[in-house]
Amino acid sequence: MKTADPELMRAINRLNVLDTIRRHGPISRIQISERTELSTTTVSAITASLLDDGLILPRHEGDIRNEAVRGRPRVMLELNPDAARVVGAKIAASRMVFAVTNFRGDVLSKLALPIRIDRQPIAVIADLIEDGVRRCVVDIGLSLDDIDSICLALPGVIEHRTGYIRSSPIFREVNIDFAAEMSARLSTPTIIESDAHAVTLGHHWFGKARDLEDMVLISLEQTLGLGVLHDNQLFRGAGGLSHNLGDLVLGMGQQGVVRLSSQAGESAILGEQQADGRFAEAVRLGRGMTHVQALIQADDDRLIGAAMRAGEAVGLTIANIVTLFAPPRVILVGSSLALGEPFLNSLRDAYALAIPPSLQGVSELVFDDSTDDFWAQGAAAVALYELYESPWSTTGPAL
């Protein structure tokens, strides 16, 4: 029987301890041992190494000079916020949002630029992103030399490992090596990630899945995205591919294959109305769903019907995902939530009908209307996630 690679096991244990401190700190060594199921000797050795590397800090609780607390001061461990600084950004068709965070995930600076960039030449898009990153960093008196990593989160099919964008509604071109382009411009390691994966890690680190090791997130934005977290790790496809949930096949129709995007995508919901007058202007400015919400509240039958069809399609999709993964929580985010009760009620009804009886009550459905700021913080979490792994990788950035 082949034994595990000792170096790999040490690396996994080190990352496990560091992540436990991140999620539960300040925390004692004994508590870390209990949560990780590692021996106290192993935990002591790992935490000593993390202290030497400057990734964590000791905090003494209790003081013999304090009459209210007696006994030897208790040493608690927490992340060193100054161990690294990263930039996260959400890049959408009509808006870019940037956030600088420290190693603990605290937001130090943020910047929102409501500007339409979709279908512009790559050089123009890269210029705008570069300016946004630099300005957000300068706003807190830093330079790019003080930044350890950058993550840009975009809609579309992204190869995380290579930084290639296979396709995105933002770009005219396909198969773009955008990580190399932006790393060269910014002279800083730059990660390209799908926006769905970024907001998944955002919820795992800061939001509605911080208490979980397994969850599923469905993003209902300009494109439909999927994030799957298992054992605190993002599940990615071959080559680190992100998942375009809109390509999911729902069945066969008279016109051929019926995909989720044709029922629940933004274009399918907006329909022909997106070419009309003020509606067209709202869509152009990235406010199409907000305008739809107002029309639904005014009892626009066509849009109410479209919202109900979209909700039904998403409800069936969630039921299929729960059947495959049985996650304890499914989080839904994105602009389509603005469709309101017609969409949400239809979604819940379809899900209740489609979920197998044996899985009823297994997964909690959570609807979250996170702002773009949170999505950018999620991108920063991706950059931090990479840095968390790098301390035990000889090729990773030095922290």
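Higher on the page you've got the structure.
Residues numbered from 1 in each chain as written. Predicted model: local features only at pLDDT ≥ 70, side-chain atom pairs only at ≥ 80, totals over all residues. Heavy atoms only, no water.

## Some words on the packing of helix H1 (residues 6-24) against helix H3 (residues 40-52)
Alright, step 1. Remark: H1 packs on H3, axes separated minimally by 10 Å, with the N-to-C direction vectors making an angle of 75°. With respect to H3, the axis of H1 lies roughly perpendicular. When H1 is examined against H3, the residues Asn13, Arg14, Val17, Leu18 and Ile21 are found in contact with a partner set consisting of Ile46, Thr47, Ser49 and Leu50. (Axes fitted to C-alpha atoms, helices over the stretch in contact; angles between N-to-C directions. Helix = DSSP H or I, 4+ residues; strand = E, 2+ residues; numbered from the N terminus. Parallel < 35°, antiparallel > 145°, perpendicular 65-115°, else oblique. Contact = heavy atoms within 4.5 Å.)

## A look at the environment of proline 189
Alright, step 1. Locating proline 189 in the fold gives a position in the loop between helix H5 (178-186) and strand E10 (190-194).
Alright, step 2. Residues proline 189 and serine 149, spaced 40 residues apart in sequence, show a C-alpha to C-alpha distance of 5.2 Å.
Alright, step 3. Beyond its immediate chain neighbours, meaning those up to four positions away, proline 189 contacts Asp148, Ser149, Ile150 and Ser183.

## What about the environment of histidine 243?
Alright, step 1. One can find histidine 243 in strand E14 (residues 243-244).
Alright, step 2. Sequence separation of histidine 243 and leucine 224 is 19 residues, and the distance between their C-alpha atoms is 8.8 Å.
Alright, step 3. In contact with histidine 243, not counting residues within four places along its chain, are His197, Leu224, Gly225, Leu226, Phe235, Arg236 and Gly237.
Alright, step 4. From its side chain, histidine 243 meets the backbone oxygen of phenylalanine 235 in a polar contact 3.2 Å long. (Polar contact = N/O pair within 3.5 Å; in protein donor to acceptor, adjacent residues only side chain to side chain.)

## Describing the nonpolar core
Alright, step 1. Residues Leu18, Ile21, Leu50, Phe103, Leu201 and Tyr388 are the most contacted members of the largest nonpolar core, which totals 45 residues.
Alright, step 2. Those elements that provide at least two residues to this core are H1, H3, strand E2 (74-79), strand E6 (149-154), helix H6 (195-205), strand E11 (215-220), strand E17 (329-333) and helix H13 (372-389).
Alright, step 3. Ranked by the residues each element gives to this core, the list is headed by H13, at 11 residues.
Alright, step 4. The next biggest cluster of nonpolar side chains, apart from the first, holds 34 residues, and it includes Ala264, Val292, Ala306 and Ile318. (Core = buried A, V, L, I, M, F, W, Y, C linked by side-chain atoms within 4.5 Å. Buried < 20%, exposed > 50% of the residue type's maximum accessible area, 1.4 Å probe, protein only.)

## Comments concerning helix H2 (residues 29-36)
Alright, step 1. Within the sequence span of H2, burial applies to Ile32, Ser33 and Thr36. Viewed along the axis of H2, the buried residues span an arc of 100°, placing them on a single side of the element. Residues of H2 that are exposed and angled more than 90 degrees away from the buried face: Ile30, Glu34 and Arg35.
Alright, step 2. Looking at the residues trailing H2, positive phi occurs at glutamate 37, about 65°. (Arc of directions from axis to C-beta.)

## A short note on the pairing of strand E15 (residues 249-253)
Alright, step 1. Where E15 lies against strand E16 (residues 256-259), four bridges are found, and the strand directions are antiparallel. Paired with valine 249 across the strands is arginine 259, a residue of E16.
Alright, step 2. From the end of E15 to the start of E16, which pair antiparallel, there are two residues. (Pairing = 2+ DSSP bridges.)

## A word on unusual backbone geometry
Peptide bonds are, in most cases, trans, and in most cases residues other than glycine have a negative phi.
Alright, step 1. Following glycine 25, the chain continues into proline 26 via a peptide bond in cis, with omega recorded as 0°.
Alright, step 2. Of note, glutamate 37 is a non-glycine position whose phi angle comes to about 65°, a positive value.
Alright, step 3. Among the secondary structure elements, glutamate 37 is positioned in the loop between H2 and H3.
Alright, step 4. Phi angles above zero are rare outside glycine, and asparagine 232 is one such case at about 70°.
Alright, step 5. As for its placement among the helices and strands, asparagine 232 is situated in the loop between strand E12 (224-230) and strand E13 (233-234).
Alright, step 6. Judged by relative accessible area, which is 13%, asparagine 232 ranks as buried.

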